[in-house]
Amino acid sequence: MTSKDAADRELAHYFENPEILFWNVGDIVAGGPIKIDGYYVSPYCDWGCCRPYGPFTTTDEALDASQKRWREWDERDRAP
Ligand SMILES: [Zn+2]
């Protein structure tokens, strides 16, 4: 097993069950203030690095999107 596999597993695990937070317009995150209220998937790395992913109207929607997004990355990575 390579370290990339281990990192991928950790990332997959994170996106299967990410932190989801509600952000209000004007809240400051990486890349500038939030423009639309809603639920956002917290970045895997850290707050100073990447913008949260969203917005979504419910936590379920955010969770679904996070899981789907990870699977798309994963499939693209594994394409020949
Ligand atoms: Zn980042």
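Residues numbered from 1 in each chain as written. Predicted model: local features only at pLDDT ≥ 70, side-chain atom pairs only at ≥ 80, totals over all residues. Heavy atoms only, no water.

1. Description of the coordination of the zinc ion
Part 1: Taken together, Cys 45 (SG), Cys 49 (SG) and Cys 50 (SG) make up the protein donors of the zinc ion, found 2.1 Å from the metal.
Part 2: All donor residues of the zinc ion come from one chain, and their arrangement in sequence is C-x3-C-C.
Part 3: Taking relative accessible area as the criterion, Cys 49 reaches 49% and is therefore assigned partly exposed.
Part 4: With relative accessibility at 34%, the residue Cys 50 sits in the partly exposed group. (Donors = N, O, S within 2.8 Å, 3.2 Å for Na, K, Ca; no water. Buried < 20%, exposed > 50% of the residue type's maximum accessible area, 1.4 Å probe, protein only.)

2. Observations regarding the sheet that holds strand β1 (residues 20-23)
Part 1: Taken in spatial order, the 3 strands of this open sheet run β1-β4-β5, and their pairing is antiparallel. Pairing within the sheet leaves two strands with one partner each, and these edge strands are β1 and β5 (53-56). Within this sheet the neighbouring strands show an average axis-to-axis angle of 30°, counted without direction.
Part 2: Examined bridge by bridge, strand β4 (residues 38-41) and β5 share 2 bridges and lie antiparallel to one another. When the bridges of β5 are listed, Tyr 39 appears paired with Phe 56. (Pairing = 2+ DSSP bridges. Helix = DSSP H or I, 4+ residues; strand = E, 2+ residues; numbered from the N terminus. Axes fitted to C-alpha atoms, helices over the stretch in contact; angles between N-to-C directions.)

3. Here we look at the environment of Ile 28
Part 1: With respect to the element layout, Ile 28 can be found in strand β2 (residues 28-29).
Part 2: Judged by relative accessible area, Ile 28 falls into the exposed class, the value being 65%.
Part 3: When the C-alpha positions of Ile 28 and Trp 47 are compared, they lie 9.9 Å apart, and in sequence the two are 19 residues distant.

4. Here we look at the confidence of the model for the chain
Part 1: Looking at the chain as a whole, the pLDDT averages 87, with 91% of positions reaching at least 70.
Part 2: Ranking the elements of the chain by mean pLDDT puts helix α1 (residues 3-16) last, at 82, and β1 first, at 97. (pLDDT = per-residue confidence, 0-100.)

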